[in-house]
Amino acid sequence: MIGANSLSVTVNLGVKEIPIQYPSLIRIRIHGSSKTISFCKLGFRSEPHEQSKKFLRDSGKKSRTDLLRVMTVRCFNDGVGEEIWDTETFDEAKKGFPEHLVVMVNGIIGSAADWRYAAEQFVKKLPDKVIVHRSECNSSRLTFDGVDLMGERLAEEVLSVVRCRPGLRKISFVAHSLGGLVARYAIGRLYRYFPDGDSSIHTGKSLREENQNNLVHRLETPHEDRIAGLEPLNFITFATPHLGSRGHKQLPFLFGLPFLEERVSQTAHWIVGRTGKHLFLTDNDDGSPLLLRMVNDCGDLKFMSALRSFKRRVAYANANYDHMVGWRTSSIRRQHELPQSHLLLKYEKYPHIVYIERQHDKDIHKEAASNIMGQTLELEEKMIRGLTQVSWERVDVSFHKSRQKYVAHSTINVKRYWINSDGADVVFHMIDNFLL
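Criteria and thresholds
- Residues numbered from 1 in each chain as written.
- Predicted model: local features only at pLDDT ≥ 70, side-chain atom pairs only at ≥ 80, totals over all residues.
- Heavy atoms only, no water.
- Buried < 20%, exposed > 50% of the residue type's maximum accessible area, 1.4 Å probe, protein only.
- Helix = DSSP H or I, 4+ residues; strand = E, 2+ residues; numbered from the N terminus.
- Pairing = 2+ DSSP bridges.
- Axes fitted to C-alpha atoms, helices over the stretch in contact; angles between N-to-C directions.
- Parallel < 35°, antiparallel > 145°, perpendicular 65-115°, else oblique.
- Left-handed = near helix turned anticlockwise from the far one by under 90°.
- Contact = heavy atoms within 4.5 Å.
- pLDDT = per-residue confidence, 0-100.
- Phe/Tyr/Trp six-rings, centres within 6.5 Å; stacked < 30°, edge-to-face > 60°.
- Salt bridge = Lys/Arg side-chain N within 4 Å of Asp/Glu carboxyl O.

Visitor: It is not clear to me how the pairing of strand β9 (residues 170-176) should be interpreted in this structure. Could you clarify?
Guide: Working note: regular strand, side chains alternate between the two faces of the sheet. Most of β9 is tucked away: six of the seven residues are buried. The sheet contact formed by strand β7 (residues 100-105) and β9 spans six bridges and is parallel. Among the inter-strand pairings, Leu-101 is bridged to a residue of β9, identified as Ile-171. Across six bridges, the pairing between β9 and strand β12 (residues 231-238) is parallel. The residue of β12 that forms the bridge with Ala-175 is Thr-237.

Visitor: Where do I start with the packing of helix α4 (residues 116-125) against helix α15 (residues 424-432) in this structure?
Guide: The relative placement of two packed helices is expressed as an angle between their axes plus a distance between the axes. Taken N-terminus to C-terminus, the directions of α4 and α15 make an angle of 45 degrees; their axes are 10 Å apart at the nearest point. Here α15 runs oblique to α4, going by the angle between their axes. In this structure, α4 crosses over α15, and the sense of that crossing is right-handed. Facing α4, whose interface residues are Tyr-117, Ala-118, Gln-121, Phe-122 and Lys-125, α15 presents Ala-424, Val-427, Phe-428, Met-430, Ile-431 and Asp-432.

Visitor: So what exactly am I meant to see when it comes to the confidence of the model for the protein chain here?
Guide: Close inspection of predicted coordinates is inappropriate for parts of the model with low pLDDT. Summary statistics for the protein chain give a mean pLDDT of 75 and a share of 61% for residues scoring 70 or more. Scored below 50 in pLDDT, residues 89-94 makes 12 contacts in the model with residues more than four places away or belonging to other chains.

Visitor: I would appreciate a short explanation of the packing of aromatic side chains in the present structure.
Guide: Where two aromatic rings form a pair, the distance of their centres and the angle of their planes describe that pair. Summed over all chains, the structure comprises nine aromatic pairs. Seen in terms of ring centroids, Phe-122 and Phe-434 are 4.9 Å apart; in terms of plane orientation they differ by 75 degrees. Their pairing is edge-to-face. With a gap of 312 residues between them, Phe-122 in helix α4 and Phe-434 in the segment after α15 connect regions that are remote in the sequence. Just as Phe-122 is buried, Phe-434 falls in that class too. Taking the centre distance of 4.5 Å and the plane angle of 5 degrees together, the rings of Phe-238 and Tyr-316 count as stacked. Of this pair, Phe-238 sits in strand β12 while Tyr-316 sits in strand β15 (residues 312-318); the two residues are 78 residues apart in sequence, bridging distant segments of the chain. For the pair Phe-238 and Tyr-316, a shared accessibility class is recorded, and that class is buried. Through a chain of ring-to-ring contacts, three or more aromatic side chains come together here, namely Trp-115, Phe-238 and Tyr-316.

Visitor: Before we go on, may I ask you to explain the pattern of salt bridges in this structure?
Guide: Pairing between side chains of opposite charge can happen when the charged atoms of each approach one another. Taken as a whole and judged by the stated rule, the model has 21 salt bridges. Of the charged contacts in the structure, one is a salt bridge between Glu-393 and Arg-312, with a shortest N-O distance of 3.1 Å. Of the two residues, Glu-393 sits in strand β17 (residues 393-397) while Arg-312 sits in strand β15, which places them 81 residues apart along the sequence. By relative accessible area, Glu-393 is classed as buried at 19%. Under the relative-accessibility criterion, Arg-312 is labelled buried at 11%. Taking the shortest distance from any N to any O, the salt bridge between Arg-334 and Glu-381 comes out at 2.9 Å. With Arg-334 in the loop between α11 (327-331) and β16 (353-358) and Glu-381 in helix α12 (residues 375-387), this residue pair connects regions lying 47 residues apart in the sequence. Overall, Arg-334 belongs to the buried group, its relative accessible area being 8%. With relative accessibility at 9%, the residue Glu-381 sits in the buried group.

Here's what the structure looks like:
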């Protein structure tokens, strides 16, 4: 959990000192004459974050403005997350921290580093608008624990961020691969509806322990859906297996061979634990697979109500060369609904985005027109119908002419810039169309 004390960063530039209050792990002082930085631990268990270490190493090489430009710090003493924001805006505008929290979620065997490039671009383009939080509660082998347990951890992490930043008003999620499923589970847990006069937030604290003024401000608009007490705006996924990984070509590296797909479905849990059961729809803990339950509200988990509460839902999908997640499952479509190659468009500013489909509310209840047989496809059809109860923007991506096409699954969100740099235009497209 979060420490109760609020620490401070004090920046000393010549004769001017600017204190900035925030819950964090460090206290930094920049001295105008020598440009030295003093670092002191304040009774926390964690060691300095790698970004902070780099900040210290590079301090002698950069100008005073650069030193202030972008900082990344851990927000918690148990090391469950990190945030990126532009510190320069607080010197100039003196408006406090941005009100829009962007939560970024990694995929299987991933980490917060998977979203480093995209997070930095967010801060550069929207310096006074967003705080980017790259989740760390589900990394490495923790991603084998199952979508439900990972979703519970993410929900608690988000609540922790919201508690330590009472100035937040809006929230968005950006997730890659398995992280999209985890985020969908987490928002189902975080969803709450606040009618007139109801000023309770599911934070584990009483009203007296919260800042009442900020609480009232968050809830000033009656009869609105909230995620963790905040206004939900964007829910964006990149190459997420929304329909699971079971079935014809949903896991492309198996080449659509039925005997291989069946064998992997039966043995995936040996490799990736409960997550494998969830992805291949072989779990049956509550009478049906988890991913099928997640296309409806389920008891106190309001999966679809939460998804519906967002102003935008966007699914970025690789149309080809993604060996981990198929085109249908990542774009939530039936086979016959996939755009034909001769219909693919090209956008000069975003060369790897080849097709954009905006689903309107009037289209979301259309009947399926496909001939579907077999249990696997029946489950798939149920999930499609469930998820398309709400409208989606579908953005199809192709790295067909890129040298990085064979790592398209990681290139779509620029997981590592040195090997996935061609996906930068996809990241920029997301930011340019981000609802603030």
